[in-house]
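Here is how the chains run, residue by residue.
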Amino acid sequence: MRNVVTRAALAVVGRREAPRPADPAALLSALPVPVVLLDGDNRFRFVNHAAEQFLGISAGQLAQQRLIDLVPADSPIFLLIAQVRQGEVTVSDHDLTLDGPRLKKPGITVQATPLPEEPGAVLLVLQDASAARALDRQLTFRSAARSVTGMAAILAHEVKNPLSGIRGAAQLLESSVAEPDRELTVLIRDEADRIRELVDRMEIFSAKPIERGAVNIHRVLEHVRRLAQSGFAAHIRFAESYDPSLPAVHGNRDQLVQVVLNLVKNAAEAITAAGVTSGEITLITAYQHGVRMAQRGSGQRLGLPLVVAVRDNGPGIPEDIRPNLFDPFVSSKPSGSGLGLALVAKIVADHGGLIEVDSRPGRTEFRLHLPVLTDDAPDAD
Ligand SMILES: Nc1ncnc2c1ncn2[C@@H]1O[C@H](COP(=O)(O)OP(=O)(O)OP(=O)(O)O)[C@@H](O)[C@H]1O
Ligand SMILES: [Mg+2]
């Protein structure tokens, strides 16, 4: 498929300027992303420079080898390749580990594409997580979710208990101090309440097993839209692009409401703060084959074909916070606590899903990839 695109692009260049069209292999070699072409027997037919570096083996040596010489036969990459040959579709797999005698690469995203004109041949595009981040496509921030979980537990113990002591002491003082000082005790009480509320919000993060079942994602989206339009987003237009045939999500309804609400709230706040006059939030659902993710614990790879996206035409995510977008307490808002997206990351990770973000001025989109409910999907986990 990529091949076709490349040739089409070359043809256009050729017509305008009539320079000698560049050799497609030279173009591929110049690409900073590792690209590998395998033939029907998984022999290396072509590798670009980035792939040589990535694999740590020269193109000359690779030409004598097959994929099986680099990674063991039970590696999930073989499954991926078989699936591509069988289905003739592009499949991407996230968080793969390529682990062989000469190769140790965790956290790799592999995109595999069949070549229609060469039966059996498969084009692999490899990316490690840092490259994916450089492309500004931020995958699930599982570590962020984990660090919040630990912190939530600490906060609950170390802050809440002393806080109730402080609040109680302030209340006692309130009845005995003179009127002018009472203002101060009330201040202590109110501030203690505020911190308590924050800690309560954090507690949602503590690792509890979630109960999951069949969730109609369109009902979730409509529920959030009604909430938003009757409150914080009353002045904003909503548009929908739904795939009505979408199957149920394997998830927890209340938590998914929370996720969509946090995303819609952020979108509305970005539009409002920037004073965008024709603010619009688009809610999107779609079915997409070929996105899979290793599951925590079991290592089993789960398909994530459901796409739920929230798009806005606000100013975009501020450049300086992008690298830590999903970390707790990262906020550009004067009164923001920076917990919204941390919670989104945590819930999506608990569902075994993925998040991607694309943002530029005038168009910001948060995309969730979620699992469907199937007969063999694990129940509560
Ligand atoms: N749709 C968006 N457009 C522009 N910036 C965004 C968008 N969504 C998130 N952000 C940026 O990401 C930051 C973090 O968002 P997050 O929801 O985690 O926290 P918050 O909204 O600041 O506070 P809280 O959600 O806890 O009230 C925001 O402060 C904002 O700068
Ligand atoms: Mg928020």
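## So, the packing of aromatic side chains
Aromatic ring pairs are reported here in terms of the distance separating the ring centres and the angle at which the planes meet.
Line of reasoning, step 1. Evaluated as defined, the whole model comprises one aromatic pair.
Line of reasoning, step 2. Taking the centre distance of 6.5 Å and the plane angle of 80 degrees together, the rings of F326 and F366 count as edge-to-face. Of the two residues, F326 sits in the loop between β12 (306-312) and α12 (340-350) while F366 sits in strand β14 (residues 363-370), which places them 40 residues apart along the sequence. For the pair F326 and F366, one class covers both residues: buried.
Line of reasoning, step 3. The ring of F54 has K105 lying over it, and the distance from NZ or CZ to the ring centre is 4.6 Å.
Line of reasoning, step 4. Lying over the aromatic face of F232, K265 brings its terminal NZ or CZ to 5.9 Å of the ring centre.

## Side note on the side chain of T285
Line of reasoning, step 1. With respect to the element layout, T285 can be found in strand β9 (residues 280-287).
Line of reasoning, step 2. Relative accessible area serves as the criterion here: at 3%, T285 is assigned to the buried category.
Line of reasoning, step 3. Here the side chain of T285 touches H218 through a polar contact of 2.9 Å, side chain to side chain.
Line of reasoning, step 4. For T285, the contacting residues outside a window of four places in its chain are I217, H218, L221, S241, Y242, D243, L246 and V307.

## Here we look at the pattern of salt bridges
Line of reasoning, step 1. In the structure shown here, the tally under the stated rule is 20 salt bridges.
Line of reasoning, step 2. Between K104 and D99 there is a salt bridge whose closest N-O contact spans 2.6 Å.
Line of reasoning, step 3. Looking at K104, the relative accessible area reads 63%, which means it is exposed.
Line of reasoning, step 4. Across the salt bridge formed by E191 and R194, the nearest N and O atoms sit 3.2 Å from each other. Here E191 and its partner R194 are both found in helix α9 (residues 179-203), three residues apart, which amounts to about one turn of the helix.

## Looking at the sheet that holds β14
Line of reasoning, step 1. Taken in spatial order, the five strands line up as β7-β9-β12-β14-β13 in an open sheet, and their pairing is mixed. The strands lining the two open edges of the sheet, one partner per strand, are β7 (237-241) and β13 (354-360). Adjacent strand axes in the sheet meet at a mean angle of 15 degrees, parallel and antiparallel pairs treated alike.
Line of reasoning, step 2. Where β13 meets β14, seven bridges bridge the pair, whose relative direction is antiparallel. Each residue of the ladder has a partner; that of D358, found in β14, is E365.
Line of reasoning, step 3. α12 rests against β13 and β14 of the sheet, and its axis sits at about 145 degrees to β13.

## Some words on the pairing of strand β1 (residues 35-38)
Line of reasoning, step 1. The side-chain alternation of β1 yields two buried faces, one formed by V35 and L37 and the other by V36 and L38.
Line of reasoning, step 2. One ladder, built from four bridges, connects β1 with strand β5 (residues 122-128); its direction is antiparallel. By the bridge assignment, L37 is partnered in β5 with L123.
Line of reasoning, step 3. Where β1 folds back onto strand β2 (residues 44-47) in an antiparallel hairpin, the turn is made up of five residues, including N42, whose phi is positive at roughly 60 degrees.

Conventions and cut-offs
Residues numbered from 1 in each chain as written. Chains lettered and ligands numbered in written order. Predicted model: local features only at pLDDT ≥ 70, side-chain atom pairs only at ≥ 80, totals over all residues. Heavy atoms only, no water. Phe/Tyr/Trp six-rings, centres within 6.5 Å; stacked < 30°, edge-to-face > 60°. Helix = DSSP H or I, 4+ residues; strand = E, 2+ residues; numbered from the N terminus. Buried < 20%, exposed > 50% of the residue type's maximum accessible area, 1.4 Å probe, protein only. Lys NZ or Arg CZ within 6 Å of the ring centre and 35° of its normal. Polar contact = N/O pair within 3.5 Å; in protein donor to acceptor, adjacent residues only side chain to side chain. Contact = heavy atoms within 4.5 Å. Salt bridge = Lys/Arg side-chain N within 4 Å of Asp/Glu carboxyl O. Pairing = 2+ DSSP bridges. Axes fitted to C-alpha atoms, helices over the stretch in contact; angles between N-to-C directions.

By themselves these figures say nothing about function.
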